[in-house]
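Structural features, examined
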Amino acid sequence: MRAGSVLAAALLLAGCAAQAEGARDGAEDTTPAPASQELSGELTVYAAASLAAAFDEIATRFEVLHPSLEVLPLISDGSSTLATQLVEGAPADVFASADEANMQKVVDAGLASDPVVFATNTLVIVVPAGNPGGVKIIEDLAWPETEVVLCAPEVPCGAASLALLDAQRVQVEPVSLEQSVTAVLTKVAAGEADAGLVYATDLARAEDVQAVAAEGAERIVNRYPIAPLGDAPNPAAAQAFADFVAGEEGQAVLAEFGFGAP
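In short, a report on the structure.

So, how was this worked out
- Residues numbered from 1 in each chain as written.
- Predicted model: local features only at pLDDT ≥ 70, side-chain atom pairs only at ≥ 80, totals over all residues.
- Heavy atoms only, no water.
- Core = buried A, V, L, I, M, F, W, Y, C linked by side-chain atoms within 4.5 Å.
- Buried < 20%, exposed > 50% of the residue type's maximum accessible area, 1.4 Å probe, protein only.
- Helix = DSSP H or I, 4+ residues; strand = E, 2+ residues; numbered from the N terminus.
- Pairing = 2+ DSSP bridges.
- Contact = heavy atoms within 4.5 Å.
- Phe/Tyr/Trp six-rings, centres within 6.5 Å; stacked < 30°, edge-to-face > 60°.

Thoughts on the nonpolar core
Leu43, Leu51, Phe55, Phe118, Ile125, Leu141 and Leu254 are the most contacted members of the largest nonpolar core, which has 67 residues in total. Per element, the largest residue contribution to this core is six residues, and it comes from helix α7 (residues 235-246). One finds Leu86, Ala92, Leu111 and Leu229 within the second-largest nonpolar core, a separate group that totals twelve residues.

So, in structure tokens, the structure goes:
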């Protein structure tokens, strides 16, 4: 009996040694890999005003995938305002801009790198319901009696508006310059102006306004970049959210809200 026990022990040791040698020789290790860490904590997203509705929906879907994570209410404003806040030290995890110029300010400040373009947008003329000013073509914006409101030049929608008007050789004296496309839309809807230039996506769910096609608008395209911030309080969630926006489900939501593909 004792000799048999010694033999069995020797065989067991030999088997263990062979298994260890096989592992060293590149044999497949069947040990399960540890599960990836679930996202948790909070996520702060800064996004251009024109993205507000789409990003609210995207955030809701993202939270469903990551129930331990809370996406805080979206910080939404003109891209130039958001970029300035970030450069001045506002804490955030992700920045999504309505143009590449304002994203570049954040990159140049060392706060982000390798932004990814995830959507495009174009302009349209917006007028109050019933079009009381009689605006029918973009040249009508130059009429002295037509009160036009535009985004300020430093705001993406303002830069795009100036580019469009210059390309069409239309000179406009706006009655006001706003810091976000939402503000332009609000003033036109309230009847405080006869017309304005906003993104096509802003009209999808707007009330008390209607659209007038702007000739040449298809050639003035805003490209929207997104980037997780280098000093993000929640870097893992920041990268995952940016990837989700640029991924299949995020792109489907953006398309529903009228954004073009990158």
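Let's talk about the pairing of strand β2 (residues 45-48)
Every second residue of β2 is oriented toward a common face, with Val45 and Ala47 on one face and Tyr46 and Ala48 on the other, all of them buried. Inspection of the sheet shows β2 paired to strand β4 (residues 75-77) by three bridges, in the parallel sense. Across the sheet, Ala48 pairs through a bridge with Asp77, a residue of β4.

Topic: unusual backbone geometry
The residue Asn131 is not glycine, and still its phi comes out positive at about 50°. Mapped onto the elements of the fold, Asn131 is located in the loop between β7 (123-128) and β8 (148-151). Judged by relative accessible area, Asn131 falls into the buried class, the value being 15%.

Overview of the environment of Pro128
With respect to the element layout, Pro128 can be found in strand β7. Sequence spacing of Pro128 and Ala193 is 65 residues, and the spatial spacing of their C-alpha atoms is 8.0 Å. The contacts of Pro128, once residues within four sequence positions are left out, are Val188, Gly191, Ala193, Asp194, Asp208, Val209 and Gln210.

Focus on the packing of aromatic side chains
Describing an aromatic ring pair means giving the distance of the ring centres and the angle of the ring planes. Applying the stated criterion to the full structure yields seven aromatic pairs. Judged by centre distance (5.3 Å) and plane angle (90°), the ring pair of Phe62 and Phe241 falls under edge-to-face. Taken together, the residues Phe62 in helix α2 (residues 52-65) and Phe241 in helix α7 connect sequence positions 179 residues apart. Residue Phe241 is classed as buried on the basis of its relative accessible area, which comes to 1%. Here a set of aromatic residues connected by ring pairs shows up, and it is made of Phe55, Phe62, Phe118, Tyr199, Tyr224, Phe241, Phe244 and Phe259.

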